[in-house]
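Each chain, letter by letter, is given below.
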Amino acid sequence: MAPSPTGDLHVGGARTALFTWLFARHHGGDFILRIEDTDRKRFVDESMQGIFEALRWLGLDWDEGPQVGGPYGPYIQSERLDLYQERAAWLVEHGHAYPCFCSPERLNEVRAAHRERGEPPGYDRHCRNLTLEQIAEYRAQGIEPVIRLKMPLEGTTSLTDLLRGEITWENRLLEDAVILKSDGYPTYHLAVVIDDHLMKISHVTRGEEWLPSSPLHVQLYEAFGWEPPIFAHPSVILKPDGKGKLSKRDGAVGVLEYKRNGYLPEALDNYLALLGWSSGDQEIFTREELIEKFDLADVNPSPSRFSFEKLLWMNQHYINHILTLEDLTQRCIPYLQQAGLVSDVAGDPSSAEHAYAQSVIALLKDRMKLLTEVVELTSFFFTEETEPYEPSLLVPKKTEPSAVGPALERVEAILTEADFDDEAAMQASLDELLAELGLKRGQLYMAIRVAVTGRTVSPGLFETMRVLGKERTLARIAAARAKLAAG
RNA sequence: GCCCCGUUCGUCUAGAGGCCUAGGACAUCACCCUUUCAAGGUGAAGAUCGCGGGUUCGAAUCCCGCACGGGGUACCA
């Protein structure tokens, strides 16, 4: 895994990382993290920490890399510049590469001209055969050259991709790419080949966008006399409408955004794993099952679209059916604390406050899609009174407004005598009242629901009252009656 | 333009010559459950397997063209 610190870790990068991690874990190999910060213009300072945090959150721990060390460090490319410069010089000495003094303007002209003639684009190898004198002359002018790799002029270059099989390019169509920039930094191509070799990388998994530069890497291995690793290029992730790569404009793309938005890392992992990979009809996998069943060779090479809908379903499914109540409670409490609904003590599983929060969350478990929703969904359980509401909400459809007050008065009287721990008995006694008043269930129960919760949507009425407790329930009904009387 | 990769329900996919009257999931719709909202259950609809040629007794599956989609085409990764 070798991200660039140019911003947040993108879900596409996260998927590739997940594939790599699963593959490594499946085969008992090591998962190695390396930071590719060779582009000083695009470097974003905090993004390296963000990448670490995102990977950790997803559960993708690394065996070698920044923060954990390893035998082949440093694992940050900007700390390895000497290495690249030495090797680049070696390539030049051995006739595999050459300095190029061409100006950006000339390069642009060449590209434009090639394109106009319908020829393959790229560099025209102007500096490939400079004499020593010419080189000295350019240097005397103070021009810092780049180093370009000499690509073979004929023949073919191929590689065997784990997902795609053998892929072949004609050498005459490949250009002499820059491998060392004039600022002394390597380009991705040089750095990745040197590091992968030195760090003894066996498998390189990277996005499809790297496929076109792969023959260059193969030639670099060839020039160095090194054995190339095994390559795997999963497809890119497309926008939901399929028109191009998924990008910021399409919504959340940063892994940490999903964390902030209330997604579970296991749900994101599960969803991402299923994008381009599958195992029969199974859709929900534990981490262990994923490790056991995943294989890079089974990854579908065709691009797939990102579906926010299915990811949301996946998240909801995990909350509703996979997470234990205690686990869900633990994850919800920070949100409740942040909203000021529970105190710091609630974080302690042995506290009464924690137990109460858990009994509340139990009622909402099937209704929660995102962890962030817990605040909105449960707030009335943590306050003395309900939030303000329109008195008219107390009057259900097809119900005589004047009937509601007296009905609630009867309800209050009945509940005063009721055992709140016995939901069935509570319901039985209110059902009796129902018959007596000649009301339908929805009519009476909706009025009580609004009185007790301040809302028309809530968990089941009797479990809600049970958790809320007799005192608060009765007080709220009384408050509702007062509201009706005043209105 | 040039190079590379890809092409099964709207979407993610199963499918590696006969098991396919093409299976599952999301989304959609209907019904059931039901005090609201969810969750759950049942069912429906949805794919001439991009198109055209081959190979074969037989092709979604193999081969060749074409079309379309995506990626690349930087002193970015």
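Residues numbered from 1 in each chain as written. Chains lettered and ligands numbered in written order. Predicted model: local features only at pLDDT ≥ 70, side-chain atom pairs only at ≥ 80, totals over all residues. Heavy atoms only, no water.

K.L.:
Outline the overall build of chain A, supporting the account with residue identities and numerical values.
P.N.:
Within chain A, the secondary structure is distributed over 19 helices and nine strands. Relative to the compact-globule value of 23 Å for 487 residues, chain A shows a C-alpha radius of gyration of 32 Å, a clear excess of over 25%. Expressed along its principal axes, the backbone C-alpha trace of chain A runs to roughly 105 × 45 × 40 Å. Across the 487 residues of chain A, 48% fall into the buried class. Taking all contacts inside chain A whose residues are at least 6 apart in sequence as the whole, residues at least 24 apart take part in 72%. As displayed, chain A offers around 23300 Å² of accessible surface, 51% of which is attributable to carbon and sulfur atoms. Positive and negative charge centroids in chain A, built from 51 and 74 side chains respectively, lie 5 Å apart. (Helix = DSSP H or I, 4+ residues; strand = E, 2+ residues; numbered from the N terminus. Rg over C-alpha atoms; globule rule 2.2 N^0.38 Å. Buried < 20%, exposed > 50% of the residue type's maximum accessible area, 1.4 Å probe, protein only. Contact = heavy atoms within 4.5 Å. Areas by Shrake-Rupley, 256 points an atom, 1.4 Å probe, with all protein chains shown as cover. Lys, Arg positive; Asp, Glu negative; His and termini not counted. Charge placed at Lys NZ, Arg CZ, Asp CG, Glu CD.)

K.L.:
Which residues make up the packing of aromatic side chains, and what are the values?
P.N.:
For the coordinates displayed, the defined rule picks out 15 aromatic pairs. Ring geometry for Y258 versus F306: centroids 6.5 Å apart, planes at 55 degrees, classification tilted. A residue pair is termed long-range when its members are at least 10 positions apart, and Y258 in helix 8 (residues 255–260) and F306 in the loop between strand 9 (304–305) and helix 11 (308–322) qualify at 48 residues. For Y258, a relative accessible area of 1% puts it in the buried group. Through a chain of ring-to-ring contacts, three or more aromatic side chains come together here, namely Y258, Y263, Y271, F306 and F308. Just above the ring of Y123 sits the side chain of R148; from NZ or CZ to the centre is 3.7 Å. (Phe/Tyr/Trp six-rings, centres within 6.5 Å; stacked < 30°, edge-to-face > 60°. Lys NZ or Arg CZ within 6 Å of the ring centre and 35° of its normal.)

K.L.:
Outline the confidence of the model for chain A, listing residues and values.
P.N.:
Across chain A, the average pLDDT comes to 94, with 100% of residues at 70 or higher. Among the scores for the predicted complex, ipTM is 0.95 and pTM is 0.93. (pLDDT = per-residue confidence, 0-100.)

K.L.:
Tell me about the environment of L461, and please be specific about residues and values.
P.N.:
Relative to the assigned elements, L461 resides in helix 18 (residues 461–468). Residue class for L461 comes out buried when judged on its relative accessible area of 5%. Separated by 210 residues in sequence, L461 and G251 have C-alpha atoms that sit 37 Å apart.

K.L.:
A description of the nonpolar core should follow, citing residues and the corresponding values.
P.N.:
Counting residues in each nonpolar core, the largest one holds 103 residues, and the members touching the most others are Y258, F306, F381, F382, L415, I448 and M465. A per-element tally of this core places helix 1 (residues 11–26) first, with nine residues. Excluding residues that lie within four positions of it along the chain, F306 makes contacts with V11, I237, L238, K239, P240, L246, Y258, Y271, L272, L275 and L311. Ranked by size, the runner-up nonpolar core spans 36 residues in total, among them I147, I179, V192 and F231. (Core = buried A, V, L, I, M, F, W, Y, C linked by side-chain atoms within 4.5 Å.)

K.L.:
So what's going on with the protein's contact with RNA strand B? Which residues, and what values?
P.N.:
Residues in contact with RNA strand B amount to 66 residues; listed here are only the nearest, R164, E283, R367, R441 and R449. Counting only the atoms of RNA strand B that lie within 4 Å of the protein, the sugar and phosphate share comes to 70%. At 3.2 Å, a side-chain N or O of S278 approaches a sugar or linking oxygen of RNA strand B. Within the contact set of RNA strand B, a sugar or linking oxygen lies 3.0 Å away from a side-chain nitrogen or oxygen of K310. (Near = heavy atom within 4 Å. Polar contact = N/O pair within 3.5 Å; in protein donor to acceptor, adjacent residues only side chain to side chain.)

K.L.:
Account for the pattern of salt bridges, with residues named and values stated.
P.N.:
Any two side chains of opposite charge can pair, on the condition that their charged atoms come close. Under the defined criterion, the tally for this structure stands at 28 salt bridges. Among the salt bridges present, the one from D195 reaches R80, with a minimum N-O distance of 2.8 Å. In this pair, D195 sits in helix 6 (residues 188–198) while R80 sits in the loop between helix 2 (47–57) and helix 3 (81–93), placing the two residues 115 residues apart along the sequence. No difference in accessibility class separates D195 from R80, as the two residues are buried. Here E376 makes a salt bridge to R455, at a shortest N to O gap of 3.9 Å. Taken together, the residues span a long stretch of sequence, with E376 in helix 14 (residues 374–378) and R455 in the loop between helix 17 (441–453) and helix 18 at a distance of 79 residues. (Salt bridge = Lys/Arg side-chain N within 4 Å of Asp/Glu carboxyl O.)

K.L.:
An account of the sheet that holds strand 5 (residues 178–180) is requested, with residue identities and associated values reported.
P.N.:
The sheet built from three strands is open, its strands ordered 1-2-5 with antiparallel pairing. Two strands in the sheet have a free side with no partner beyond their single neighbour: strand 1 (97–100) and strand 5. When strand polarity is set aside, the average angle formed by the axes of neighbouring strands in this sheet is 45 degrees. Across four bridges, strand 1 lies against strand 2 (residues 146–149) in antiparallel orientation. Across the sheet, Y98 pairs through a bridge with R148, a residue of strand 2. (Pairing = 2+ DSSP bridges. Axes fitted to C-alpha atoms, helices over the stretch in contact; angles between N-to-C directions.)

K.L.:
Go over helix 12 (residues 325–338) with me, naming the residues and quoting the values.
P.N.:
Between its first and last C-alpha atoms helix 12 spans 20 Å; for 14 residues at 1.5 Å apiece the expected length is 20 Å, and the two agree. Listing the buried residues of helix 12 in full gives L328, T329, C332, I333, Y335 and L336. Next to the buried residues of helix 12 lie helix 8, helix 11, helix 13 (352–364) and helix 14. Within two residues after helix 12, G340 carries a phi angle of roughly 75 degrees, on the positive side. (Expected span 1.5 Å × (residues − 1).)

K.L.:
Residue-level account of unusual backbone geometry, with values.
P.N.:
With an omega dihedral of 0 degrees, the bond running from G73 to P74 counts as a cis peptide bond. Mapping P74 onto the fold places it in the loop between helix 2 and helix 3. Of note in the backbone geometry, K200 takes a positive phi value of approximately 55 degrees without being a glycine. Along the polypeptide, K200 turns up in the loop between helix 6 and strand 6 (203–205). In this model, K398 sits at a positive phi of 55 degrees, which is unusual for a non-glycine residue. Within the element layout of this structure, K398 appears in the loop between helix 14 and helix 15 (401–416).

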